2 protein chains.
Amino acid sequence: MSATLAADEALARRQRAGEQVLSLASGEIGLPVLPALRERLAAAADRNAYGSVAGSPRLRSAVAGYWGRRNLSVDPGLVVCGPGSKPLLFALLLAVGGDVVVPVPSWVSYAAQARLVGARPIPVPVLPGEGGVPDPAALREAVARARAAGRDPRCVVVTLPDNPTGTVATAGTVERLARAARDLDLVIVSDEIYCDLVFDPADRAVSPAAFAPERTVVTTGLTKNLALGGWRLGVARLPDSPLGHEALTRLVGIASQIWSSTAAPVQSAAAYAFEEPPEVVGYVAAARRLHEVVVRAVAERFTAAGAGLAPVRATCYLYPDFEPLRDHLAGAHDVHGADALATLLAQRYGVGLLPGTAFGEEDRSLRIRVATSRLYGGTDAERFAALAADEPARLPWVKASLDRITEVLTDLTTL
Amino acid sequence: MSATLAADEALARRQRAGEQVLSLASGEIGLPVLPALRERLAAAADRNAYGSVAGSPRLRSAVAGYWGRRNLSVDPGLVVCGPGSKPLLFALLLAVGGDVVVPVPSWVSYAAQARLVGARPIPVPVLPGEGGVPDPAALREAVARARAAGRDPRCVVVTLPDNPTGTVATAGTVERLARAARDLDLVIVSDEIYCDLVFDPADRAVSPAAFAPERTVVTTGLTKNLALGGWRLGVARLPDSPLGHEALTRLVGIASQIWSSTAAPVQSAAAYAFEEPPEVVGYVAAARRLHEVVVRAVAERFTAAGAGLAPVRATCYLYPDFEPLRDHLAGAHDVHGADALATLLAQRYGVGLLPGTAFGEEDRSLRIRVATSRLYGGTDAERFAALAADEPARLPWVKASLDRITEVLTDLTTL
């Protein structure tokens with residue numbers, strides 16, 4: 001079971017049982033649906049035909065426009081829609097076949113999906129402060145070793161910007177990764193679902209599609225920028241190359257056998273979203289600002305408590321490393337790894353977050369992933385207020401969570 | 001690519017190009033959304049949380065109630081929702097593992113899904129007039145042979161009532177199938193998506209869950225009885241046994257890694273549907289009557305043309321066999337198998353339907369599958385009128401299609 005979803009459900013059970021909990025586990029974006037999108041979905045409630053496997057022509061055109069505005073022009077015929085970017089990633093791994101290189105750390109589902117399709121993940125560490133992209137030099141070595149051992153790596157997954165670290169690999173690193181993938185004849189699957197959630201335009205992620213356009217598949221969705229995880233819609237952009245056209249045929253074939261098509265009313269609202277009218281752009285901008293303020297406020301507290309932490313440049317995640325506090329955690333709490341640390345935080349403090357092991361780290365590592373996207377309020381009114389606030393960290397419900405984090409970290413690191 | 005969806009898209013392209021086409025290929029139900037369900041979906045457009053992987057508590061309870069009213073009582077905790085019954089079937093095959101026995105003929109996707117997960121389909125013919133259930137005696141032999149050859153069959157798929165034949169296996173056959181599955185230690189996956197579309201209550205399908213409750217997984221969805229294919233929602237009922245609980249854990253784990261959860265607004269409307277308020281029951285009854293009238297009218301025309309045909313007892317499908325016309329088809333049209341027959345019908349007459357080969361038949365067979373669910377009208381007004389009509393076959397647009405079928409079959413069989 002997906003570690004994120006499992007942690008989420010466990011926390012929801014504790015909450016229903018009346019416990020005070022602080023949910024920092026799930027990357028679900030706790031923000032309300034943009035009213036214009038709600039209306040579009042309602043207006044499309046009469047759509048009950050399957051439609052095309054790859055998605056409606058209007059949606060595919062809208063998505064092509066969206067990518068075109070991000071220097072990733074694409075023919076709508078190379079856009080494929082699915083019920084989330086997660087199923088698209090799964091189907092892509094199945095379409096490409098072979099073993100899969102995954103960054104360490106990386107999102108919980110890449111390696112799990114690889115195993116489900118009978119492949120084996122090949123873990124390659126990222127460079128410091130540049131999560132989501134395997135160190136290109138280490139990638140070359142790992143693939144050479146794997147091939148020498150008779151394995152068949154055909155694909156490398158990257159996350160730009162990155163979950164779990166909230167960092168963005170530099171263009172130089174991405175270019176070296178793309179070159180390595182070309183030399184090694186690997187398909188690059190670039191998960192860019194956080195691409196609209198980079199705080200400083202100067203930090204914006206450069207897609208490997210800029211450097212290896214013939215072999216890069218890009219995916220995104222509505223889950224993160226528009227808080228529509230529960231609507232389940234993702235899209236993939238296939239490369240305009242022989243490899244890309246072959247992958248497209250396979251991907252659509254696999255999609256037709258696994259999920260047929262994506263909920264038609266959702267496709268209709270999604271087309272509107274990808275067309276990026278002003279209210280959509282405004283919502284994403286407001287959400288990005290809110291993420292930035294809150295994730296940085298939380299990051300400050302972890303840094304103040306003595307955890308190591310690369311600057312967070314995007315998303316609503318931070319990935320603190322308690323290595324500097326190892327002796328204290330061992331002595332005071334008998335905690336020697338991130339699993340035990342996460343368990344302690346959940347059981348003693350009601351704080352849900354994920355251990356680095358869920359992202360492929362070794363047992364001994366003291367890294368944890370903290371998601372701040374559930375701190376924006378408990379009601380739609382609070383969440384809309386958070387989106388509109390000049391200083392969201394001062395809103396009483398946000399401040400209460402931040403104070404609670406300070407309290408827990410103080411208790412954890414000084415007792 | 002799924003043969004049904006491919007045929008559908010090819011026909012849509014011809015139609016857009018201005019050709020007159022008659023769509024008998026896709027099992028998509030050409031009926032409008034029940035207004036009460038449209039309203040429920042619209043009212044749930046603000047639901048954007050992932051929710052539980054297995055589905056919302058309200059939906060799972062509603063589904064348990066639905067099955068309870070069909071002598072298949074189940075704890076809501078053993079109900080799993082997914083974005084269509086198709087992805088649930090795929091995940092079930094992955095969860096059970098091993099090779100899969102499929103009936104011949106059977107729905108296009110079972111064998112394809114088995115291949116996608118690295119399993120091999122083991123085809124077993126059905127008994128005459130009892131589609132959807134492998135002949136139990138032949139099943140025993142096939143599994144014994146497969147095991148002797150080192151293969152690992154662990155699962156048998158059945159369809160009750162059946163697509164493509166529109167027939168319903170008798171309770172006796174289902175019981176013998178269930179007994180064979182128990183003796184052979186096979187999981188039974190019983191696709192019962194057509195269970196509400198049996199014309200005569202006396203013909204109602206008996207689920208293998210009645211005879212082998214410990215090993216039968218039942219699936220259904222909203223696609224067929226409520227014409228909601230484009231909404232993408234299916235459900236599975238796991239057995240209350242050690243095997244069932246283990247399968248549940250695996251299934252939910254796989255679902256969490258492939259699709260996370262099912263579109264939340266759709267779940268909300270689906271819960272209402274599975275609660276079966278009077279308007280839902282009324283809609284399904286009207287749709288069933290309409291299917292019965294039209295599918296029988298079409299069946300008469302194939303019988304009159306000389307094709308062999310088992311009586312259609314359910315669904316909107318018929319599966320005529322042109323074997324009695326083999327000599328004529330060979331002599332007049334150089335047609336020696338169902339693929340060529342389907343191609344001829346598409347190219348000369350603009351009639352789209354599926355060759356039996358798509359359902360696992362041999363190349364030489366002259367069986368084809370005809371779906372009548374697209375004949376109800378070209379607009380929502382026509383389709384509502386068809387649902388309400390006392391004599392839908394006399395509605396001008398339905399009659400025109402029936403007349404066209406007569407014309408095509410006359411031309412085909414007498415020229």
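Worth saying up front: this structure is predicted, and the values here are computed from it rather than measured.

(A) Broad picture of the nonpolar core. Grouped together as the largest cluster of nonpolar side chains are 255 residues, with contacts concentrated most on A:F322 and B:F322. If we ignore the near neighbours within four places in the chain, the residues touching A:F322 are A:F302, A:A307, A:L329, A:L341, A:L366, A:I368, A:L409 and A:L412.

(B) Expanded view of the interface of chain B and chain A. Counting residues at the interface gives 49 residues for chain B and 49 residues for chain A. Roughly 4200 Å² of surface becomes buried between chain B and chain A when both sides are summed, with 61% attributable to carbon and sulfur atoms. Among the residues of chain B in contact with chain A, B:N48, B:Y50 and B:Q257 are the three that bury the most area, contributing 19% of the side total. In this structure, the connection of chain B to chain A is made through zero salt bridges. Where chain B packs against chain A, one counts 24 residue pairs in polar contact (both at pLDDT 80 or more). Elements that contribute at least two residues to the side of chain B that touches chain A include exactly α1 (3–16), α2 (35–43), α4 (85–96), α5 (108–116), α8 (242–258) and α9 (264–274) of chain B. Take the side of chain B that touches chain A: its biggest share by element is six residues, from α8(B). Its residues placed into classes, the side of chain B that touches chain A shows 26 nonpolar, 15 polar and eight charged.

(C) Structural context of the domain arrangement of chain A. Residues and elements named next belong to chain A. Domain boundaries assigned for chain A yield domain 1 (3–27 + 279–414) and domain 2 (35–275). Look at where the C-alpha atoms of domain 1 and domain 2 centre, and you get two points 26 Å apart. Of the roughly 2400 Å² buried between domain 1 and domain 2, counting both surfaces, carbon and sulfur atoms make up 64%. Residue R313 is joined to D203 by a salt bridge in which the shortest nitrogen-to-oxygen separation is 3.4 Å.

(D) Examining the sheet that holds strand β12 (residues 354–355) of chain B more closely. Residues and elements named next belong to chain B. Overall, antiparallel pairing links the three strands, which are arranged β10-β13-β12 in an open sheet. A single partner strand is all that each edge strand has here, and the edge strands are β10 (317–318) and β12. Looking at chain direction, β10 and strand β13 (residues 368–371) are connected through two bridges and run antiparallel. Across the sheet, the residue bridging to L318 is V370, located in β13.

(E) Fine view of the pattern of salt bridges. Residues and elements named next belong to chain A. Taken as a whole and assessed by the stated rule, the structure comprises 44 salt bridges over all chains. With a shortest N-O distance of 3.4 Å, R151 and D99 are connected by a salt bridge. Separated by 52 residues along the polypeptide, R151 in the loop between α6 (136–148) and β6 (153–159) and D99 in strand β3 (residues 99–104) bring together distant segments of the chain. Judged by its relative accessible area of 22%, R151 falls in the partly exposed class.

(F) Geometry of the pairing of strand β5 (residues 130–134) of chain A. Residues and elements named next belong to chain A. Among the five residues that make up β5, five are buried, leaving the element largely enclosed by the rest of the structure. Note that strand β4 (residues 121–127) and β5 share two bridges and pair antiparallel. Each residue of the ladder has a partner; that of V126, found in β5, is P134. Here β4 folds back onto β5, and the loop between the two strands holds two residues, one of which, G129, carries a positive phi near 75 degrees.

(G) Here's a closer look at unusual backbone geometry. Residue A:V104 is joined to A:P105 through a cis peptide bond whose omega torsion reads 0 degrees. Along the chain, A:P105 falls in the loop between β3 and α5 (108–116). Following B:L160, the chain continues into B:P161 via a peptide bond in cis, with omega recorded as -15 degrees. For B:P161, the location among the structural elements is in the loop between β6 (153–159) and α7 (171–184). Even without glycine at this site, B:S260 takes up a positive phi of about 65 degrees.

(H) Examining the UniProt feature "domain: Aminotransferase class I/classII large" (unreviewed entry) in chain A more closely. UniProt records the feature "domain: Aminotransferase class I/classII large" (unreviewed entry) for residues 20–372 of chain A in the present numbering. As a span, residues 20–372 of chain A carries 41% helix and 16% strand, and end to end its C-alpha atoms are 17 Å apart.

(I) Quick look at the relation of the copies chain B and chain A. Expressed as a screw transformation, the operator carrying chain B onto chain A has a rotation angle of 180 degrees and an axial translation of 0.0 Å, and the superposed copies differ by an RMSD of 0.0 Å. What the rotation and shift describe, once combined, is the action of a two-fold rotation axis. The C-alpha atom lying nearest the rotation axis in chain B is that of B:A42; the distance is 2.0 Å. The overlap is high: 100% of the interface residues of chain B also sit at the interface in chain A, so the same surface is used on both sides.

What counts, and where the lines are drawn
Residues numbered from 1 in each chain as written. Chains lettered and ligands numbered in written order. Predicted model: local features only at pLDDT ≥ 70, side-chain atom pairs only at ≥ 80, totals over all residues. Heavy atoms only, no water. Core = buried A, V, L, I, M, F, W, Y, C linked by side-chain atoms within 4.5 Å. Buried < 20%, exposed > 50% of the residue type's maximum accessible area, 1.4 Å probe, protein only. Contact = heavy atoms within 4.5 Å. Buried area = accessible area lost by both parts, 1.4 Å probe. Salt bridge = Lys/Arg side-chain N within 4 Å of Asp/Glu carboxyl O. Polar contact = N/O pair within 3.5 Å; in protein donor to acceptor, adjacent residues only side chain to side chain. Helix = DSSP H or I, 4+ residues; strand = E, 2+ residues; numbered from the N terminus. Nonpolar A, V, L, I, M, F, W, Y, C, P; charged D, E, K, R; others polar. Domains from an automatic or database assignment. Pairing = 2+ DSSP bridges. UniProt positions renumbered as here; feature names shortened; annotations may be inferred. Least-squares fit on C-alpha atoms with pLDDT ≥ 70 in both.

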